[in-house]
Amino acid sequence: MNHLAHLFLAPDSPEARVGSMLGDFTRGIDVAALPSSVRLGVRHHLAVDSFTDRHPDVLASKRLFSAQRRRFAGVALDVLYDHFLLRHWSEFTDTDQNAFINAVYAELQSNESLMSPSMSKTTRHLVSHDWFGSYRNLDNIGYALDRVAARIRFQNSFAGMIEEIRPLHSQLEKHFLSFFPDLQEFAGGIE
C-alpha cells in the first residue's frame, strides 16, 4: 500500500496516521522510543503491508505484469491502489475525500517533529505538490512511477510502467475492488 491508503486505514489519531506513514521511513529510527500512538501506526503499517503482500487478488494482479516488469509490480500496485482508492472513495467511507486529504496534510505538517528527516522531506514535497490530489489522474500515476524508476540505482525496466498498466487497468481495478474491502476489515482489527 502507498501513503494515502496507509493514512486512510490507520487508527484514528494524528499520531497513529504519522506512524502509519513512518512505516516506510524507519531506517535509523529507534521505534521503541516513539510515543505509543506512533508505534501503533508503525505496527499497523507493517501488518497492512504483510496482509497485502499475501492477498490472492494482489498476487493475481502481480502475475498480470510482463516477466521483465514483474519484479516492480508491487511498487506499481502500491501507487496505483491510491488511484483506485480515490476513484472508489465513496464505496469505502462517507468521509469527504477532499476534507480527508486536507486534514491529513495539516496533521502531517503539524507533526513533523515525530518524523525521520527523510519522511519530513518527503512529506513537505507531498503536501506542497498535492500528491494525493494528483493521484486521481492516471497520467500522474505514470509520472509518479517514473520518478520512482529514476531513483532505482541499478539497470531496470521500470520506467514507462504506465504503458503496461493502461491495458490492464480494468483487470487491476477489479482485483483492487475485491481486495480492498478485505484489507479494510483486516486493518480495522489491528491493535
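Residues numbered from 1 in each chain as written. Predicted model: local features only at pLDDT ≥ 70, side-chain atom pairs only at ≥ 80, totals over all residues. Heavy atoms only, no water.

Moving on, we get to the packing of helix H2 (residues 14–22) against helix H3 (residues 36–54). Look at H2 against H3: their axes get within 6 Å of each other, and the N-to-C directions meet at 40°. Taken together, H2 and H3 sit at an angle that is classed as oblique. Both H2 and H3 take part in a crossing whose hand is right-handed. Along its contact with H2, which presents Glu15, Ala16, Gly19, Ser20 and Leu22, the element H3 presents Ser37, Val38, Gly41, Val42 and His45. Split by residue class, the contact of H2 with H3 holds 4 nonpolar, 5 polar and 1 charged. (Axes fitted to C-alpha atoms, helices over the stretch in contact; angles between N-to-C directions. Helix = DSSP H or I, 4+ residues; strand = E, 2+ residues; numbered from the N terminus. Parallel < 35°, antiparallel > 145°, perpendicular 65-115°, else oblique. Left-handed = near helix turned anticlockwise from the far one by under 90°. Contact = heavy atoms within 4.5 Å. Nonpolar A, V, L, I, M, F, W, Y, C, P; charged D, E, K, R; others polar.)

Between its first and last C-alpha atoms helix H5 (residues 73–87) spans 20 Å; for 15 residues at 1.5 Å apiece the expected length is 21 Å, and the two agree. Where burial is concerned, most of H5 is hidden: 11 out of the 15 residues are buried. Of the positions making up H5, those classed as buried are Ala73, Ala76, Leu77, Val79, Leu80, Tyr81, Asp82, His83, Phe84, Leu85 and Leu86. (Expected span 1.5 Å × (residues − 1). Buried < 20%, exposed > 50% of the residue type's maximum accessible area, 1.4 Å probe, protein only.)

The subject of this paragraph is the side chain of Glu164. For Glu164, the position within the fold is in helix H10 (residues 161–188). Using a relative accessible area of 14% as the deciding quantity, one classes Glu164 as buried. Looking at Glu164, its side chain comes within polar contact range of the main-chain nitrogen of Ser66, at 2.4 Å. In contact with Glu164, not counting residues within four places along its chain, are Phe65, Ser66 and Arg69. (Polar contact = N/O pair within 3.5 Å; in protein donor to acceptor, adjacent residues only side chain to side chain.)

Turning our attention to the environment of His169. Position of His169 relative to the elements: it lies in helix H10. In sequence terms His169 and Met115 are 54 residues apart; their C-alpha atoms lie 34 Å from each other. With residues up to four places along the chain from it excluded, the contact list for His169 reads His83, Phe84, Arg87 and Leu138.

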